[in-house]
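Results of the structural survey
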Amino acid sequence: MDDETMVRVLRALGDPTRMRIARFLSRMCCHSATVNEEGGVYEAPTAGEVCCHITGAEKINSTISHHLHELEAAGVIRIERKGKRMLCTLRPEALEALADGLKQIVDGGPPHGCC
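Residues numbered from 1 in each chain as written. Predicted model: local features only at pLDDT ≥ 70, side-chain atom pairs only at ≥ 80, totals over all residues. Heavy atoms only, no water.

A separate point is the overall build of the protein. Helix and strand content of the protein: five helices and four strands. The helix and strand sequence of the protein, counted from the amino end, reads α-α-β-β-α-α-β-β-α. Buried positions account for 33% of the 115 residues belonging to the protein. Considering only intrachain contacts with a sequence separation of at least 6, the fraction spanning at least 24 residues in the protein is 52%. Accessible surface, the protein as shown: approximately 7,600 Å² in total, 53% of it carbon and sulfur. (Helix = DSSP H or I, 4+ residues; strand = E, 2+ residues; numbered from the N terminus. Buried < 20%, exposed > 50% of the residue type's maximum accessible area, 1.4 Å probe, protein only. Contact = heavy atoms within 4.5 Å. Areas by Shrake-Rupley, 256 points an atom, 1.4 Å probe, with all protein chains shown as cover.)

Taken together, the buried positions of helix H3 (residues 47-55) are Ala 47, Val 50, Cys 51 and Ile 54. Buried residues of H3 fall within an arc of 100° about the axis and therefore sit on the same side. Residues of H3 that are buried sit in contact with helix H2 (16-26), helix H4 (62-73) and strand S4 (85-90). One or two positions beyond H3, positive phi appears at Gly 56, with a value near 85°. (Arc of directions from axis to C-beta.)

Averaged over every residue, the pLDDT of the protein is 80; the share at 70 or more is 78%. Within the protein, helix H1 (residues 3-13) carries the highest mean pLDDT (96), whereas strand S1 (residues 34-35) carries the lowest (46). (pLDDT = per-residue confidence, 0-100.)

So, on to the side chain of Arg 18. Mapped onto the elements, Arg 18 comes out in helix H2. Of the polar contacts made by the side chain of Arg 18, one reaches the side chain of His 67; its length is 3.0 Å. Discounting chain neighbours no more than four positions away, the residues touching Arg 18 are Arg 11, Ala 12, His 66, His 67, Glu 70 and Leu 71. (Polar contact = N/O pair within 3.5 Å; in protein donor to acceptor, adjacent residues only side chain to side chain.)

Its place among the elements puts Ala 99 in helix H5 (residues 92-107). Taking the C-alpha atoms as reference, Ala 99 lies 9.5 Å from Met 6; in sequence the two are 93 residues apart.

Here is the structure:
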């Protein structure tokens, strides 16, 4: 992961609400499903379900919508529109790449003329 992408992901996750959203999505079982009244089955929580979990509100509000779009812009989540629904999915590969980038910083690289 290049430095600009790492900064974008860290900035997105640096907000407590966005971190809570990422944690919530990380705990979703990949086998769970959301079903609408017509019997449609979805494999990810809707934006409304994320909002309800994070704020206790029954409907998505503009603040949570903003946070979801910030996470999407940073590549941390994917948002799919299905009619009136927005399905939110955590992109674990983005967090794994961030972890790898941070590990490289911790491990350092070859010495550059130091003792």
